Each structure stands twice: as structure tokens, then as C-alpha cells.
2 protein chains.
Amino acid sequence: MTSSSLESLGPFRQLSEGSRKLLRRGAVLVQCGPPAPILQPGQSISGAYFVVRGRLRVYAIAPDGTEATLYFISPGETCVFALNSLFNDLRYPAWVQAEAGTTVALIPGPVFRELFQKEPSIQDVTVRALSTLVFRLMEELEEVHAYKLDQRLANLLLIHASAAGELAMTQQRMAAHLGTTREVVARLIREFVAQGYVETGRGVTRIKNADGLARLIAASA
Amino acid sequence: MTSSSLESLGPFRQLSEGSRKLLRRGAVLVQCGPPAPILQPGQSISGAYFVVRGRLRVYAIAPDGTEATLYFISPGETCVFALNSLFNDLRYPAWVQAEAGTTVALIPGPVFRELFQKEPSIQDVTVRALSTLVFRLMEELEEVHAYKLDQRLANLLLIHASAAGELAMTQQRMAAHLGTTREVVARLIREFVAQGYVETGRGVTRIKNADGLARLIAASA
DNA sequence: ACTGCTGTGTAGCTTTTGGTACAGACCGCC
DNA sequence: GGCGGTCTGTACCAAAAGCTACACAGCAGT
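Predicted model only: the values in this text are computed from it and were never measured.

S.K.: Can you explain the protein's contact with DNA strand C? Please cite residues and give values.
M.R.: Taken together, the neighbourhood of DNA strand C is formed by 19 residues, with Leu 149, Thr 180 and Glu 183 of chain A together with Arg 182 and Thr 200 of chain B sitting nearest. The sugar-phosphate portion of DNA strand C accounts for 51% of its atoms within 4 Å of the protein, the bases making up the rest. Between DNA strand C and Thr 200 of chain B there is a distance of 2.8 Å, counted from a phosphate oxygen to a side-chain nitrogen or oxygen. One of the side-chain N or O atoms of Arg 202 of chain B is found 2.9 Å from a base oxygen in DNA strand C. Of all the secondary structure elements, the ones that give two or more residues to the surface near DNA strand C are helix H8 (182–194) of chain A together with helix H8 (182–194) and strand E10 (198–201) of chain B. For the surface near DNA strand C, the leading source of residues is H8 of chain B, giving 5 residues.

Next comes the structure, spelled out in C-alpha cells:
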């Protein structure tokens, strides 16, 4: 992998100095066609990850088999889950899954550690990445305990919908994201449809009244 | 505050090099008698915190007023909540409260940033602290979605009980910790008493059968 | 002893969420 | 067209958790 081909990638140009340095040194590109599992709990980490295109989903699986998304890692973000394990010699405690068409740059552990020692810009990138992750996790934890499922579902629809107000996601996946079951999602969506907030189709949900959803989320009860 | 008096403090001797360097440079000790709020959401951070004695509790408050503990910071740990805001110029999104008898060392923001640039040992301390926090938050998030309240309460009792199997904590505080209400805690504890797992007293809960509680937690249902 | 405060015990009801079960719709493929 | 798989719709019941209301117990101060 040369730096020129890396630089030809879309988001690369907007990256910080630290991120570019990371990628120029020993990064190996990994492409995913279909959604694919990358890490399982207990697996040791072979390096630091950097999302070039697509998205990674980090999630937990309960003993009864239900999933729940912990957080996402979007393009241009250093993949912090690796850093934890790289520095603390801990096993990673969650599953990681790449969405379809995701490209990930893998920086070998020793290379990353060496760069982290020498380069202030890479320290900066690292701390920012961890810091952002902490915020994201705190937000998620707060959301889980402060909001009811209908509000969290409304939020999911608003946040993840395309500009055209469409969300291409099955109810099964929404349920997995929220840590609940498909039936519950279907019931809540039925209510949204009755209120005229959304329309449903196979594998897609269209938002018809974003304000209505927003008001639902804001309602304190 | 001189380094000699800092070193006289109990946990100080076991600290890492980075932590000691942090404390020798411009740390201001802050003592708390009774439990006291330290930070409120939106408050900007004046420096990095380091817990010398006692414990900090970081928690969220839902619109309806119920609290939920996000994580604790124990003695000898760099207080990472500050680092987020120090590096990202973000406001801190949660409340922080010091338990009774807590001593916190406050390192001014500029001093910390300067040390972070120069000292590898301080970079190390910082990354470890953030990393640990990420793990703690992930664990908590997983627990919230994978376990029921009775299991989480049993876990709370086991984790926070003294060596003698006593937990000096009112049910109100347990409820705030778990993000629920006192009545629910009372109901669950009643069940524990009926099973012979615990005994209750005013402001204290005594564990009589730790194995029973442990089995309850392990039960997949 | 009286009072007030804080903490616990309990009952009953409502809401929310989860679990089971099944019917039907859409889609691609042979 | 027929078939199998995936996705959605829905009805019903069960469990979990929250809400309200109130009684009482321990403790401190006057």
C-alpha cells in the first residue's frame, strides 16, 4: 500500500496530520464486501484500525442472544477499540462488524506504539479518538436510561435517515441496534404510522413528519 | 502544596512515574468533607483532576430527575472526565460528585497540556486512564442491557460490600446508582431477604449468602 | 416524652417491554 | 408459475418496572 493510493481515497485529504502519518507508515488496507465480523470478544488485537470508508459497528451480545450497538466508528476516525487493548494488554470485550463496502486500514501494533512515542500529532489523534469515544459511550448510556424505547427509536430514525428522509434498515436491525426485539420495533413503528410520522416499506422506513418524531423525543414523559 | 506532603499521602507511593510527575507540578489539593458536587453539565473544565483519597462519582440525571451512575473514579486514578474537555474543548456532559472525605488534586489545564506534550510517562498515564474509562463504560452499557434489575442490584451488593459483607448505603442511593426508584430496590431486597441472601438494617445491608446472589447474577434468565 | 426527619416495608395499580404464535406480503430464483 | 426465504403486521399473554400512597421504625434534638 503506497501513500499515493491512500491519498486518492476520498476522505483522506481532510485528515489531520497525525492520521496521515499513521496511514503512510505500514498501513495495510482491508476491504469488506458484505457485512463481515472483524473482532470477537477475547480476540487479541493485531494492530490499530483506521476506517477509510464505510463504517464499523461495535456491539455487545447478551447471554440470551440479543444484540445492542455500543457505538459506531465512521470514516476518518481512528478505531479506538484497538488502542485500549494495544496499551492495556486487555482483551477486547465486544463484537465488531464492518458494514457493507467498508475499507479499513490496519496499522500493526508495534508500528503504532513506536509512532505514538515519537509523534505529537499521533498522540493528539489518539487522545482525541479515545476522548470522542468516551463522550459517545456516555451519551449512549445516558440515552438508555433516560429515554423510553419509542423515543430511542424515533431518535434512531432521525439520526440515521438519509437526506431524503429514508432509512434503509430492516426492523430486525433496528431492534438489534436498540437492544430489543423485532416485535417491539414493529409495534412502535405501527404507532408512528398511525400518527402519520412515518411510512413503511420492505427494508425501508420513510419519514413523513420529522417534527412529530422530534416532539416525541423532547416529551419528558 | 509541596511534593513532600503529597508523598505523605497513602496511595501516592504506589503511583506510576507519570502520575507522580503530574502531582509534583502545580497540583492544588482540594478536600471535601461531606459529599459535594464538583461539576455540573456544561461547566467548563479548569484543569485535570487526580483522585488522591475517597472517590468521585460521575452520574447523569434524566429529565424526570432520576439519577444513574455512569462510573466511579477511585484513588490513584487520573480523572479522565477532565481530559476530554481539556483536549476537545467540549463541555462535560455529566454531573460529578465527591464522596465524603475525598481529596482531589487539581492540575491546571495549561500545565497539564504542557506536560502531556513533553513527558512520555504522562502521555502513558493519560491514554491508560482514557482507555480504562472506555472499558468501564462499555461494561456498564453491556450490563444495563444484558441484565435485569435484580441481577444488577445483586452485583452492586457484591461489588461494593466491605470485606465483612456489609454495604453502608441507603436504598435511595442504590436506586440512584442503578437508575431506578427506591420502591423497586425495596421490593427486590425484600425478595433477597425472603431467599435468605441478605439482612437489612437502617442504612446498611448485610450479605448472608454471597453464593446465592452470585448464582442469581449468573442465571441467564 | 415529644417532634421532626430520614429511612424502610408494603400494597395495589399502570405502563412498558418482552415472548409466543401465526398470517401475509414481497422478492429472487428455478 | 411455484417455492423458499426474508421481512412485516398483529394479537394475546406474561413479566418487569415505575408510580402513588401510606404505615411504621430508628434516630437526633429540644
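S.K.: Mind laying out the environment of Leu 153 of chain A, listing which residues take part and the relevant values?
M.R.: Relative to the helices and strands, Leu 153 of chain A is located in helix H6 (residues 149–160). The spacing of Leu 153 of chain A and Val 185 of chain A is 32 residues in sequence and 7.8 Å in space, taken between C-alpha atoms.

S.K.: Give me the lowdown on the interface of chain B and chain A, citing residues and values where you can.
M.R.: Listed per partner, the contact involves 41 residues of chain B and 41 residues of chain A. On the chain B side of the interface with chain A, the three residues burying the most area are Phe 135, Met 138 and Leu 141 of chain B, jointly 19% of the side's total. At the surface where chain B touches chain A, the tally comes to 0 salt bridges. Counting across the chain B and chain A interface gives 1 residue pair in polar contact (both at pLDDT 80 or more). Secondary structure elements with two or more residues in the side of chain B that touches chain A: strand E4 (56–61), strand E5 (67–73), helix H3 (80–88), helix H4 (109–118) and helix H5 (120–146) of chain B. With 18 residues, H5 of chain B is the largest single contributor of residues to the side of chain B that touches chain A. Residues belonging to the side of chain B that touches chain A are distributed by class as follows: 25 nonpolar, 11 polar and 5 charged.

S.K.: Go over H4 of chain B with me, naming the residues and quoting the values.
M.R.: Residue and element names in this part refer to chain B. Residues Gly 109, Phe 112, Leu 115 and Phe 116 constitute the buried set of H4. Down the axis of H4, the sector holding all buried residues measures 130°, keeping them to one side. Turned more than 90 degrees off the buried face of H4, the exposed positions are Pro 110 and Lys 118.

S.K.: Describe the packing of H6 of chain A against H8 of chain A, and please don't skip the residues or the numbers.
M.R.: Residues and elements named next belong to chain A. Running from N to C, H6 and H8 point in directions that differ by 75°, and their axes come no closer than 10 Å. Comparing their axes, H8 and H6 come out roughly perpendicular. Every residue of H8 that contacts H6 at Leu 149, Asp 150, Leu 153, Ala 154 and Leu 157 is listed here: Val 184, Val 185, Leu 188, Ile 189 and Phe 192. Looking at side-chain class alone, the contact of H6 with H8 contains 9 nonpolar, no polar and 1 charged residues.

S.K.: Break down the sheet that holds E10 of chain B for me, with residues and values.
M.R.: All names here are of chain B. Taken in spatial order, the 3 strands of this open sheet run E9-E11-E10, and their pairing is antiparallel. Here the strands that pair on one side only, and so sit at the sheet edges, are strand E9 (166–167) and E10. Two elements, E10 and strand E11 (residues 204–207), share 4 bridges in a ladder whose sense is antiparallel. Residue pairing for E11: Val 198 is matched across the bridge by Ile 207. The sheet strands contacting H8 are E10 and E11, and the helix crosses E10 at an angle near 125°.

Calculation criteria
Residues numbered from 1 in each chain as written. Chains lettered and ligands numbered in written order. Predicted model: local features only at pLDDT ≥ 70, side-chain atom pairs only at ≥ 80, totals over all residues. Heavy atoms only, no water. Near = heavy atom within 4 Å. Polar contact = N/O pair within 3.5 Å; in protein donor to acceptor, adjacent residues only side chain to side chain. Helix = DSSP H or I, 4+ residues; strand = E, 2+ residues; numbered from the N terminus. Contact = heavy atoms within 4.5 Å. Buried area = accessible area lost by both parts, 1.4 Å probe. Salt bridge = Lys/Arg side-chain N within 4 Å of Asp/Glu carboxyl O. Nonpolar A, V, L, I, M, F, W, Y, C, P; charged D, E, K, R; others polar. Buried < 20%, exposed > 50% of the residue type's maximum accessible area, 1.4 Å probe, protein only. Arc of directions from axis to C-beta. Axes fitted to C-alpha atoms, helices over the stretch in contact; angles between N-to-C directions. Parallel < 35°, antiparallel > 145°, perpendicular 65-115°, else oblique. Pairing = 2+ DSSP bridges.

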